[in-house]
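Each chain, letter by letter, is given below.
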Amino acid sequence: MRQLSLSDCLSLSIQCAEEAGNLILKANDQAKIAQMKSSSSDFATATDKACEELIVTKIKNSYPEHHIIGEESTALGTEITLTDSPTWIIDPIDGTTNFVHGFPFVAVCIGFSVKREIKVGVVYNPILKHLYFAKEGSGAYLNSTRLQASSCTDLSRSLLVSEWSYDRRRDHLACAQANFTNFLMHPCHGIRSTGSSALDLCLVAEGSVDGSWIFGLNIWDYAAASIIVKEANGVVMDVTGGPVDFLAKRVVAAGTRELALALCEKLVETPV
Ligand code: IPD
Ligand code: CA
Ligand code: CA
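Described below are features of the structure shown in this document. Predicted, not measured: the structure shown is a model, and the values here were computed from it.

**Notes on the overall build of the protein chain**
The secondary structure content of the protein chain amounts to 7 helices and 14 strands. In summary, the protein chain has a C-alpha radius of gyration of 17 Å against a globular reference of 19 Å for 272 residues, a match within 12%. Classification of the 272 residues of the protein chain by burial places 54% in the buried group. When contacts within the protein chain are restricted to residue pairs at least 6 apart in sequence, long-range pairs at least 24 apart make up 64% of them. In the protein chain, the 23 positive side-chain charges and the 31 negative ones have mean positions that sit 1 Å from each other.

Here it is in structure tokens:
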């Protein structure tokens, strides 16, 4: 087996993300047929599927022995496991609801893990031409600009970003509402939502927002972006304050550890 080069994995991820981005751009001004998945706001379009197919084919051509976890090829309800084997984690379009409506926050996400650690991450918004990428130990970039997360440690001076869950059950919405209310009343400076968890985390990496918490995620929603935050000297963690857990369906991120812990302390956990 040939030696694994993370630089080669990053180049392949960028190539795949840009080619998938072209498919998104081609479809962007056409009417989209959205197929409902887990809830009335969880969709997949033919473009989600075409992008994933393109990315999976390219990865299999280069690394036939690697594992792949792709959102659209994972059947609903399947339990996801992350093993020590080299694994590619793909969200062909993060922000499908945005894509369907023409709201310009959509991203192709490709993460690559070895021994359960994310080593490479690419998050590409083809509409805004924002290519975020990172490789372990080499910093994080937006196009050619190196990223540095915010130095804010004080919740009352922070701008946050979060998402309402796709899960529209009353108890889930009540928890989400409690979290938004608690932070607004703390008070923080404000809370934004882009409709793409991956792009939310990239906003933390670039320092446009100071912190984020997001519940109800799948591994493909935050794997790629998590290394972009870390390599921008930011912090990603679980709501317990421990290491981020890609199977726990939730993440807290911030420019500083102090702010991330302050977020964890105030969060009401969403019911499973
Ligand atoms: C969704 C987005 C959204 C988040 C959902 C995700 P999708 O991904 O990241 O911001 O709140 O939990 O499922 O369905 O657009 O790939
Ligand atoms: Ca997603
Ligand atoms: Ca998706």
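**Some points on the nonpolar core**
Across soluble globular proteins, nonpolar side chains show a tendency to be buried alongside one another. Counting residues in hydrophobic clusters, the biggest one holds 39 residues, and the most contacted among them are Val123, Ile219 and Ile228. Those elements that place two or more of their residues in this core are strand 5 (107-114), strand 6 (117-125), strand 7 (130-135), strand 8 (140-142), helix 5 (197-206), helix 6 (219-231) and strand 14 (250-254). The greatest single-element share of this core, amounting to 9 residues, is contributed by helix 6. Both domains that furnish three or more residues to this core are identified here as domain 1 (6-146) and domain 2 (155-266). Setting aside its immediate chain neighbours within four residues, Val123 contacts Ala107, Val108, Cys109, His130, Leu131, Tyr132, Ala198, Leu199, Cys202, Ala224, Ala225 and Ile228. Ile14, Trp88, Val108 and Val114 belong to the second largest nonpolar core, which has 28 residues in total.

**Brief notes about the coordination of the calcium ion (ligand 3)**
Taken together, the protein ligands of the calcium ion (ligand 3) are Glu71 (OE), Asp91 (OD) and Ile93 (O), with distances of 2.2 to 2.3 Å. The two metals, the calcium ion (ligand 3) and the calcium ion (ligand 2), are separated by 3.7 Å and share Asp91 as a common coordinating residue. On the basis of relative accessibility, which here comes to 1%, the residue Asp91 falls in the buried class. By relative accessible area, which is 2% here, Ile93 ends up buried.

**Here we look at the layout of surface pockets**
Looking at the second largest pocket, its volume works out to about 270 Å³. The wall of the second largest pocket is formed by 14 residues, among which Arg116, Glu117, Ile118, Val244 and Phe246 lie closest to the centre. Counting residues per element, the ones that place at least two in the lining of the second largest pocket are strand 6 and helix 6. With 4 residues, the top contributor of residues to the lining of the second largest pocket is helix 6. Looking at the lining of the second largest pocket residue by residue, the classes come out as 7 nonpolar, 1 polar and 6 charged. If you count residues domain by domain, the lining of the second largest pocket takes at least three from each of domain 1 (6-146) and domain 2 (155-266).

**Notes on the sheet that holds strand 14**
Spatial strand order, 11-10-12-14-13: 5 strands in an open sheet with mixed pairing. On the outer flanks of this sheet lie strand 11 (190-192) and strand 13 (235-237), each paired with one strand and no other. Each strand axis lies, on average, 20° off the axis of its neighbour in the sheet, ignoring direction. In this structure, strand 10 (residues 159-162) lies alongside strand 12 (residues 211-215), joined through 3 bridges in parallel fashion. By the bridge assignment, Ser162 is partnered in strand 12 with Trp213. Packed on one face of the sheet, helix 5 meets strand 10, strand 12 and strand 14 and runs near 160° to strand 12.

Rules of the game
Residues numbered from 1 in each chain as written. Chains lettered and ligands numbered in written order. Predicted model: local features only at pLDDT ≥ 70, side-chain atom pairs only at ≥ 80, totals over all residues. Heavy atoms only, no water. Helix = DSSP H or I, 4+ residues; strand = E, 2+ residues; numbered from the N terminus. Rg over C-alpha atoms; globule rule 2.2 N^0.38 Å. Buried < 20%, exposed > 50% of the residue type's maximum accessible area, 1.4 Å probe, protein only. Contact = heavy atoms within 4.5 Å. Lys, Arg positive; Asp, Glu negative; His and termini not counted. Charge placed at Lys NZ, Arg CZ, Asp CG, Glu CD. Core = buried A, V, L, I, M, F, W, Y, C linked by side-chain atoms within 4.5 Å. Domains from an automatic or database assignment. Donors = N, O, S within 2.8 Å, 3.2 Å for Na, K, Ca; no water. 1 Å grid on protein atoms, 1.4 Å probe; cavity = no way out; pocket = protein on both sides within 12 Å on 5 of 7 lines; lining within 4 Å. Points joined across faces, edges and corners; volume = space filled by probe spheres on them. Nonpolar A, V, L, I, M, F, W, Y, C, P; charged D, E, K, R; others polar. Pairing = 2+ DSSP bridges. Axes fitted to C-alpha atoms, helices over the stretch in contact; angles between N-to-C directions.

On their own, these measurements won't tell you what the molecule is for.
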